[in-house]
Amino acid sequence: FPRVVQVLSTIDSMSAKWNKKQFLNQLEQRIQHGVKPELLDLVRLPDIGKARAKKLYDANIKTVKDFAAADVNVLKKIVNLKIEKVSEILNEAKK
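Quick caveat: nothing in here was measured; it's all calculated off a predicted structure. (Residues numbered from 1 in each chain as written. Predicted model: local features only at pLDDT ≥ 70, side-chain atom pairs only at ≥ 80, totals over all residues. Heavy atoms only, no water.)

Undergrad: Whenever I open this one, unusual backbone geometry confuses me. Can you help?
TA: Trans is the common state for peptide bonds, and a negative phi is the common state for residues other than glycine. Even without a glycine there, the phi angle at D47 is positive, about 65°. Mapped onto the elements, D47 comes out in the loop between α3 (40–43) and α4 (50–58). With a phi close to 55°, N80 is a non-glycine residue in the positive phi region. By the element assignment, N80 lies in the loop between α6 (72–79) and α7 (83–93). (Helix = DSSP H or I, 4+ residues; strand = E, 2+ residues; numbered from the N terminus.)

Next comes the structure, spelled out in structure tokens:
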């Protein structure tokens, strides 16, 4: 799929002028991770895939910013990982 996105983006920039580069990039990410648009921000975090992102979203942690502001013990319960791993992800979210 990345090649298809590249070709469509090139066609768009050369002549079609669809202005859909952002849409195509988002679509590529959605297909790669197998998620709905609202989960894209969360799946960018290390060790957060589709299932964990959905659990976080359902717990009202909808963005990386929300994740960074959350308590490590709350996150641990939601994502079911060891506290050390959650701390690592939390540090990444705060960058």
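Undergrad: Hey, could you run me through the environment of A53 in this one?
TA: Structurally, A53 is set in helix α4. Note on A53: relative accessible area 0%, which makes it buried. A53 sits 11 residues away from L42 along the chain, and the two C-alpha atoms are 5.7 Å apart. (Buried < 20%, exposed > 50% of the residue type's maximum accessible area, 1.4 Å probe, protein only.)

Undergrad: Quick question: what am I supposed to make of α7 here?
TA: Within α7 the residues assigned to the buried category are V86, I89, L90 and A93. Across the axial projection of α7, the buried residues extend over an arc of 105°, all falling on one side. Considering only its buried residues, α7 is in contact with α5 (64–69) and α6. (Arc of directions from axis to C-beta. Contact = heavy atoms within 4.5 Å.)

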